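# A closer look at the structure
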Amino acid sequence: RVKDESSLGTVKETINTSEDTLEVHRRHTDRGYLEINLDELMGTTTWVRKIEYPASWNDKINELVLKSKWTNVTIEDLKLHDYADNRQIELRVGRVEPSMADILKNQLIEYNIKSNLIEVSGVNFDFYRLTIEIPYFESDGNNLKLLRYDEESRDFEEIDFYIDLIDRKLTGYSMKPGIFLIVE
């Protein structure tokens, strides 16, 4: 059902789940810069957040900035994948569903998890690079690592990051989508 209407598009919620989808208006799909505050549109309690829009082959968003209290993500040069199944881009940006989070946490028993597990994935898109900012908790910040879980290879890899000790956040860079988390 429709949850909200805005100048960006229509937010629809899936009944009995914690999943909202922003269907972006066509006029926003080929831009230099687009910023979306996911908390304002979907609320802070929604777990799974999707962004969908129809794209032409030459459409590109040079810089898509997605903000929330759980993560801030900047995706550079977002465009339709060259071999896309259809011309509908679907992004998933937000906390990982609890059932999937439990499975991944079981693979990380040698680490202490210091953040929410954040998903940046989807279908039918390519991008140059993404920057992800994740707050950490219960740590002095000295021995942290930022990991990315690749759903295709089913493996974790450490990614480069810098730390903001004052705001208690790590900022990392990746050329690939995945599930991101901070460990110690």
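Quick summary incoming for the structure in this document.

Conventions and cut-offs
Residues numbered from 1 in each chain as written. Predicted model: local features only at pLDDT ≥ 70, side-chain atom pairs only at ≥ 80, totals over all residues. Heavy atoms only, no water. Helix = DSSP H or I, 4+ residues; strand = E, 2+ residues; numbered from the N terminus. Rg over C-alpha atoms; globule rule 2.2 N^0.38 Å. Buried < 20%, exposed > 50% of the residue type's maximum accessible area, 1.4 Å probe, protein only. Pairing = 2+ DSSP bridges. Core = buried A, V, L, I, M, F, W, Y, C linked by side-chain atoms within 4.5 Å. Contact = heavy atoms within 4.5 Å.

This part covers the overall build of the protein chain. If you tally the helices and strands in the protein chain, you get two helices and 16 strands. For 184 residues, the compact-globule estimate of 2.2 N^0.38 gives 16 Å, and the protein chain sits close to it at 16 Å. Here the C-alpha coordinates of the protein chain stretch approximately 45 × 35 × 30 Å along the principal axes. Scored against the burial criterion, the 184 residues of the protein chain give a buried share of 47%.

Turning our attention to the pairing of strand S7 (residues 72–80). Bridging between strand S6 (residues 60–67) and S7 involves seven bridges; their strand directions are antiparallel. Across the sheet, Glu63 pairs through a bridge with Glu76, a residue of S7. Connecting the antiparallel pair S6 and S7 is a turn made up of four residues. Summarising the sheet, S7 and strand S11 (residues 129–135) pair through five bridges and their orientation is antiparallel. Bridging from a neighbouring strand, Ile75 pairs with Leu130 of S11. Relative to strand S10 (residues 125–126), S7 is paired through two bridges, and the arrangement is antiparallel. The partner of Leu80 across the bridge, within S10, is Phe125.

It is worth spelling out the nonpolar core at this point. By size, the foremost hydrophobic cluster in this structure holds 38 residues, and its most contacted members are Ile36, Leu64 and Ile75. At four residues, the largest contribution of residues to this core is made by S7. Those residues in contact with Leu64, other than ones at most four positions away along the chain, are Leu34, Ile36, Val73, Thr74, Ile75, Leu78 and Leu91. Formed by eleven residues, the second largest nonpolar core is a distinct cluster that contains Leu108, Leu117, Ile179 and Leu181.

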